[in-house]
Amino acid sequence: MDIETRKEHLDRRINSAARRVGREPSEIKLLAVSKTRSAETIRALAALGQHAFGENYLQEAVDKINQLDDLDLEWHFIGQMQRNKTAAVAENFDWVQSSDRLVIAERLSAPRPANMDELNVCIQMRMSDEAGKGGIAPEALFPLADAINSLPGLVLRGLMTIPENTTEIDRLKRIFRKMNSLYSRLKTRYDTVDTLSMGMTSDFELAIEEGSTMIRVGTALFGPRNHGKSSIR
Ligand SMILES: *Cc1c(COP(=O)(O)O)cnc(C)c1O
């Protein structure tokens, strides 16, 4: 299947999931997760109108961001954040979705170039003990949100989660519902919050039914990732 066909299929599935629960498809933003994909592949998808791309690995991402400099794309960092890489992330990305520590947020705040807009930040939540690396527990959310909200150069946009690797619908549903309720509380507290980032290739329809406003999709758009050992890669 070529990328245009995959994109059409995906758009159709997003539309029907939204309509099933009475939501407008336009309320759901598609983040194309382009880790391991070439700049040419990203360019082909951009030519079909895709605007937002997510990357996990800093050096790989920066290379592609530079190669695609002639396009007006929005870049989201969604990978594990290392302390010594925060400056490069702040300088190259428009969004960071994997913020889960105050020190990291502080380090992202400082180096944001003055000629750029504020860096959009989502807090990564860890919603079960089995979940992969990264994220904070719900109890820790509001203190971190308050701190991020007060840092210059950053704007708090919402929450992100990578649920545990399970096919149990009920478990996923519980996680997505809990996320949605934290998101609602966050929204009443900060008027900049408008993003609930949840749902990947295996579960984006359920995530949309449970209120997601941004799905992060790699495989369903680009096909299977062939290399890398970790399941997330
Ligand atoms: C790789 C990745 C995705 C996309 O995964 P697919 O299953 O290929 O859709 C989404 N979010 C994060 C944080 C990822 O690392």
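Reading the values: the criteria
Residues numbered from 1 in each chain as written. Predicted model: local features only at pLDDT ≥ 70, side-chain atom pairs only at ≥ 80, totals over all residues. Heavy atoms only, no water. Near = heavy atom within 4 Å. Polar contact = N/O pair within 3.5 Å; in protein donor to acceptor, adjacent residues only side chain to side chain. Areas by Shrake-Rupley, 256 points an atom, 1.4 Å probe, with all protein chains shown as cover. Nonpolar A, V, L, I, M, F, W, Y, C, P; charged D, E, K, R; others polar. Helix = DSSP H or I, 4+ residues; strand = E, 2+ residues; numbered from the N terminus. Buried < 20%, exposed > 50% of the residue type's maximum accessible area, 1.4 Å probe, protein only. Contact = heavy atoms within 4.5 Å. Axes fitted to C-alpha atoms, helices over the stretch in contact; angles between N-to-C directions. Left-handed = near helix turned anticlockwise from the far one by under 90°. Pairing = 2+ DSSP bridges. Salt bridge = Lys/Arg side-chain N within 4 Å of Asp/Glu carboxyl O. Right-handed = clockwise from strand over helix to strand, strands pointing away. Phe/Tyr/Trp six-rings, centres within 6.5 Å; stacked < 30°, edge-to-face > 60°.

> Would you explain the site of the ligand in this entry?
With respect to spatial proximity, 13 residues lie near the ligand, and among them Lys35, Asn56, Thr201, Thr219 and Arg225 are the closest. Take Arg225: an N or O atom from its side chain is 2.8 Å from an oxygen atom of the ligand. With the chains in place, 95% of the 390 Å² that the ligand exposes on its own is no longer accessible. By residue class, the composition of the shell around the ligand is six nonpolar, four polar and three charged.

> Whenever I open this one, the side chain of Arg157 confuses me. Can you help?
Along the chain, Arg157 turns up in strand S6 (residues 154-161). Residue classification places Arg157 among the buried positions, given a relative accessible area of 19%. One polar contact links Arg157 to Asn120, side chain to side chain, over a distance of 2.8 Å. Apart from the residues lying within four places of it in its own chain, the contact partners of Arg157 are Trp95, Asn120, Val121, Cys122, Thr192, Val193, Asp194 and Thr195.

> Help me understand the packing of helix H6 (residues 141-149) against helix H7 (residues 169-189), please; the structure alone is not making it clear to me.
Helix packing geometry: the angle between the two helix axes and the distance between the axes. Packing of H6 against H7 leaves a shortest axis separation of 12 Å and a crossing angle of 35°. Considering only the axes of H6 and H7, their crossing is right-handed. On H7, the residues touching Leu141, Phe142, Ala145 and Asp146 of H6 are Leu182, Arg185, Leu186 and Arg189. Per-class residue counts for the contact of H6 with H7 are five nonpolar, no polar and three charged.

> What is the right way to look at the pairing of strand S8 (residues 214-217) in this model?
Side-chain direction in a regular strand flips from residue to residue, so the side chains alternate between the two faces of the sheet. Residues Met214 and Arg216 point to one face of S8 and Ile215 and Val217 to the other, with burial holding for every one of them. Sheet analysis places strand S1 (residues 29-33) next to S8, joined by four bridges and oriented parallel. Across the sheet, residue Leu30 finds its bridge partner in S8, namely Ile215.

> Explanation requested: H6 in the structure shown.
The periodicity of an α-helix, 3.6 residues per turn, causes residues three or four places apart in sequence to face the same way. Three or more residues of H6 are buried, namely Leu141, Phe142, Leu144, Ala145, Ala147 and Ile148. Those residues of H6 that are buried lie in contact with strand S4 (95-99), helix H5 (102-109), strand S5 (119-125), S6 and H7.

> Hey, could you run me through the side chain of Thr86 in this one?
Mapping Thr86 onto the fold places it in helix H4 (residues 86-92). Overall, Thr86 belongs to the buried group, its relative accessible area being 2%. Non-local contacts of Thr86, meaning those with residues more than four positions away in its chain, are made with Met81, Ile104, Arg107 and Leu108.

> Would you explain the pattern of salt bridges in this entry?
A side chain with one charge may pair with a side chain of the opposite charge, provided their charged atoms come close. One pass over the full model with this rule turns up 13 salt bridges. Ionic pairing is found between Glu55 and Lys64, a salt bridge with its closest N-O pair at 2.9 Å. With relative accessibility at 0%, the residue Glu55 sits in the buried group. Its relative accessible area of 4% is what places Lys64 among the buried residues.

> I would appreciate a short explanation of the pairing of S4 in the present structure.
Among the five residues in S4, five count as buried, and that is most of the element. Sheet analysis places strand S3 (residues 74-77) next to S4, joined by two bridges and oriented parallel. If you follow His76 over to S4, its bridge partner there is Trp95. For the crossover that starts at S3, traverses H4 and ends in the parallel S4, the hand is right-handed. In the sheet, S4 pairs with S5 via three bridges, with the strands oriented parallel. Opposite Trp95, over in S5, you have Asn120 as the bridge partner. The β-α-β motif built from S4, the intervening H5 and the parallel element S5 has right-handed crossover chirality.

> For this particular structure, what's the right way to read the packing of aromatic side chains?
Here the distance between the centres and the angle between the planes together describe a pair of aromatic rings. Applying the stated criterion across every chain, the model contains two aromatic pairs. Their ring planes at 35° and their centres at 5.8 Å tell us that Phe53 and Trp75 sit as a pair that is tilted. Here Phe53, found in strand S2 (residues 52-55), pairs with Trp75, found in strand S3; they are 22 residues apart in sequence, far enough to count as distant. Of the two residues, Phe53 and Trp75, both sit in the buried class. Seen from their ring centres, Phe77 and Phe93 are 5.3 Å apart, and the 80° between their planes marks the pair as edge-to-face. Linking Phe77 in strand S3 with Phe93 in the loop between H4 and S4, this pair joins segments that are 16 residues apart in sequence. We note that Phe77, like Phe93, is buried.

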